[in-house]
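# A structural walkthrough
As a plain string of letters, each chain reads:
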Amino acid sequence: MDPYATPAAFRPQRSAPSPESLVRRLLTPLGTLVAVGAAFGYVGTVDPNHPGHYPVCPLLALTGIYCPGCGGLRSAHAVAHGDFRAALGDNALAVVGYGVFAVVMAVWLIRAVRGRPTQVTLRPAYWWAIGAVILVFTVVRNLPLGSALAP
């Protein structure tokens, strides 16, 4: 026996880790929601339909080709004003993205309130499918038959 060992009565006892407080769990998702809300508020206030407020898409300026994000700011402006028809006309893919974001945020907030970890993991096949949808959207909106998808 070691004469210099600390007696059991004086050893620090390990306790179960205390669960995070509700405020701490909600800090990140609510911060994200506030930041996105502020961005939408800014785009809703400063109209992207008037030139000079936002930079021009470099791909469109250099090549005349619409990227998958072209019309996204106008779409966000229309969503901020409740005009979903105009938003779909400006960038339908962005509107779908706004909806997906809303669902992900709702799930994140519910899981944070319940104290459950949130981790979004998608199999590679899903990422490839998302990339394929974006690619098809980009190609079709630049063709004459997809002119309805062009901003």
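Before reading further, recall that the structure is shown in the block above.
Residues numbered from 1 in each chain as written. Predicted model: local features only at pLDDT ≥ 70, side-chain atom pairs only at ≥ 80, totals over all residues. Heavy atoms only, no water.

## Examining the overall build of the protein
Let me state the cut-off plainly: Each helix is a run of H or I in the DSSP string that is no shorter than four residues. Each strand is a run of E no shorter than two, and both are numbered from the N terminus. With a 1.4 Å probe rolled over the protein chains alone, any residue whose accessible area is under 20% of its type maximum counts as buried; one over 50% counts as exposed, and the rest are partly exposed. By the convention used here, residues are in contact when the closest approach between their heavy atoms is within 4.5 Å. Note that accessible areas follow from Shrake-Rupley with a 1.4 Å probe, and for residues the cover is restricted to the protein chains shown.
Counting its secondary structure elements, the protein contains 6 helices and 0 strands. The order of α-helices and β-strands along the protein, N terminus first, is α-α-α-α-α-α. Each of the 151 residues in the protein was classed as buried or not, and the buried ones make up 21%. Partitioning the contacts of the protein with sequence separation of at least 6, the portion at a separation of at least 24 is 58%. Only carbon and sulfur atoms are counted for the fraction: they give 69% of the accessible area of the protein, which is about 11,200 Å².

## Considering the environment of Asn142
Our working definition: Any pair of nitrogen or oxygen atoms within 3.5 Å is treated as a polar contact; in protein, a donor-acceptor pairing is required on top of that, and neighbouring residues in sequence qualify only through side-chain atoms on both sides.
Take Asn142: it is sitting in the segment after α6 (124–141). Placed 77 residues apart in sequence, Asn142 and Ile65 show a C-alpha to C-alpha distance of 6.5 Å. Beyond its immediate chain neighbours, meaning those up to four positions away, Asn142 contacts Ile65 and Tyr66. A distance of 2.7 Å separates the side chain of Asn142 from the backbone nitrogen of Tyr66, its partner in a polar contact.

## Quick look at helix α5 (residues 92–114)
Note the following rule: For a helix, the expected span equals 1.5 Å multiplied by the number of residues minus one.
Given a rise of 1.5 Å per residue, 23 residues ought to cover 33 Å, and the 34 Å separating the end C-alpha atoms of α5 matches this to within 8%. Looking at the buried positions of α5, the neighbouring elements they touch are α1 (22–45), α3 (72–80), α4 (84–90) and α6. The opening residue of α5, the one whose side-chain oxygen lies 3.1 Å from the backbone nitrogen of Leu93, is Asn91. Count one or two residues on from α5 and you reach Gly115, which has phi positive near 80°.

## A word on the side chain of Arg141
We count it as follows: Asp and Glu count as negative and Lys and Arg as positive, but His and the ends of the chain are not part of the count. The rule for a salt bridge is simple: a side-chain nitrogen of Lys or Arg has to be within 4 Å of a carboxyl oxygen of Asp or Glu.
Along the polypeptide, Arg141 turns up in helix α6. Nearest to the buried, unbridged Arg141 among oppositely charged side chains is Asp90, at 8.0 Å. Reaching out from Arg141, the side chain makes a polar contact with the backbone oxygen of Cys67 at a distance of 2.6 Å. At a separation of 3.0 Å, a polar atom in the side chain of Arg141 contacts the main-chain carbonyl oxygen of Cys70. The residues touching Arg141, leaving out its near neighbours within four places in the chain, are Tyr66, Cys67, Pro68, Gly69, Cys70, Asp90, Asn91, Gly146, Leu149, Ala150 and Pro151.

## Thoughts on the state of the cysteines
Covalently bonding the sulfur atom of one cysteine to the sulfur atom of another cysteine gives a disulfide. Heads up, the rule is: The disulfide definition used here is simple: a pair of cysteine sulfur atoms within 2.5 Å.
Taken as a whole, this structure holds 0 disulfides when the rule is applied. In this model Cys67 remains outside any disulfide bridge; the closest cysteine sulfur is found in Cys70, 3.6 Å from its own. Assessed through its relative accessible area of 17%, Cys67 is described here as buried.

## Section: the side chain of Thr138
Within the fold, Thr138 resides in helix α6. Look past the residues within four positions of Thr138 in its chain and what remains in contact with it is Tyr66, Cys67 and Pro68.

## Examining α1
Note the following rule: Fitting axes to the seven residues ending at a residue and to the seven starting there, one defines the bend at that residue as the angle between these axes.
The end-to-end C-alpha distance of α1 is 33 Å, a good match for the 34 Å that 24 residues give at a rise of 1.5 Å each. Of all the bends in α1, the greatest, near 35°, is centred on Thr28, and the proline Pro29 appears no more than four residues after it. Along α1, the residues classified as buried are Leu26, Pro29, Val43 and Gly44. Buried-residue contacts for α1 involve α3 and α5.

## Focus: a nonpolar patch on the surface
To keep it simple, the criterion reads: Patch membership requires over 30% relative accessible area and the absence of a salt bridge. Like charges are linked within 9 Å, and nonpolar side chains (Val, Leu, Ile, Met, Phe, Trp, Tyr) within 5 Å.
A surface patch of nonpolar side chains, about 830 Å² in accessible area, is lined by Val96, Val100, Val104, Val120, Leu122, Tyr126, Trp127, Ile130 and Ile134. Contributions of two or more residues to the nonpolar patch are made by α5 and α6. It is α6 that contributes the most residues to the nonpolar patch, 4 residues altogether. Inspection of the secondary structure assignment puts Val104 in helix α5.

Read these as spatial facts, not as claims about activity.
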